[in-house]
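The chain contents come next:
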Amino acid sequence: MENTQESRVEVQNVEFHVSYLDTLSERIEHEEFSDRSVAERFADAQLKDEDSWAVVDVVVLEAAEHQERTQQLVA
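Note that the structure is predicted; figures quoted are calculated from it, not measured.

Undergrad: Tell me about the sheet that holds strand 3 (residues 54-60), and name the residues and values.
TA: In spatial order, the strands read 2-1-3; together these three strands make up an open sheet with antiparallel pairing. Both outer strands of the open sheet, strand 2 (27-33) and strand 3, are each paired with one neighbouring strand and no more. Adjacent strand axes in the sheet meet at a mean angle of 25 degrees, parallel and antiparallel pairs treated alike. Examined bridge by bridge, strand 1 (residues 14-22) and strand 3 share seven bridges and lie antiparallel to one another. Each residue of the ladder has a partner; that of V18, found in strand 3, is V56. In this fold helix 2 (residues 36-45) packs onto strand 1, strand 2 and strand 3, with an angle of close to 5 degrees to the strand it touches most, strand 1.

Undergrad: An account of the nonpolar core is needed here, citing residue identities and associated values.
TA: Within the largest apolar cluster, seven residues are counted, these being V14, F16, V18, Y20, F33, A39 and A43. Every element with two or more residues in this core is listed here: strand 1 and helix 2. Looking at this core, the element that brings in the most residues is strand 1, giving four residues. Aside from chain neighbours lying at most four places away, what touches V14 is V58, V59 and V60.

Undergrad: Help me get a handle on the environment of V58, residues and values and all.
TA: As for its placement among the helices and strands, V58 is situated in strand 3. For V58, a relative accessible area of 46% gives the class partly exposed. Separated by 22 residues in sequence, V58 and R36 have C-alpha atoms that sit 8.5 Å apart. Excluding anything up to four places from it in sequence, V58 contacts V14, E15, F16 and R36.

Undergrad: Summarise the pairing of strand 2; cite the residues concerned and give the values.
TA: Two strands pair when backbone bridges link them, and strand 1 and strand 2 are joined in this way by seven bridges, in the antiparallel orientation. Each bridged residue has a counterpart across the sheet, and for Y20 the counterpart in strand 2 is E29. What sits between the antiparallel neighbours strand 1 and strand 2 is a turn of four residues, in which E26 has the positive phi angle 60 degrees.

Undergrad: Requested: an account of the environment of D22, with residues and values cited.
TA: For D22, the location among the structural elements is in strand 1. In this structure the C-alpha to C-alpha distance between D22 and S52, which are 30 residues apart in sequence, comes to 7.5 Å. Ignoring anything within four residues of it in the chain, the contact list for D22 reads R27 and E29.

Conventions we followed
Residues numbered from 1 in each chain as written. Predicted model: local features only at pLDDT ≥ 70, side-chain atom pairs only at ≥ 80, totals over all residues. Heavy atoms only, no water. Pairing = 2+ DSSP bridges. Helix = DSSP H or I, 4+ residues; strand = E, 2+ residues; numbered from the N terminus. Axes fitted to C-alpha atoms, helices over the stretch in contact; angles between N-to-C directions. Contact = heavy atoms within 4.5 Å. Core = buried A, V, L, I, M, F, W, Y, C linked by side-chain atoms within 4.5 Å. Buried < 20%, exposed > 50% of the residue type's maximum accessible area, 1.4 Å probe, protein only.

This is how it looks when you write it as structure tokens:
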């Protein structure tokens, strides 16, 4: 039971950051997502031609940072 609670806490303190090349502007862009599958779909959608690339990074948030982001969303 305790492991389940720890896993749930870990999942809540994670974001998924997508870095990708915007081939129209030729700039590297970044987007943040709270859901892994949404981040992966977004990254896949950026692969438009042979020069395109996208990377999904898993970012573990500190407890205070997570609480601050939650408060911002509620406010």
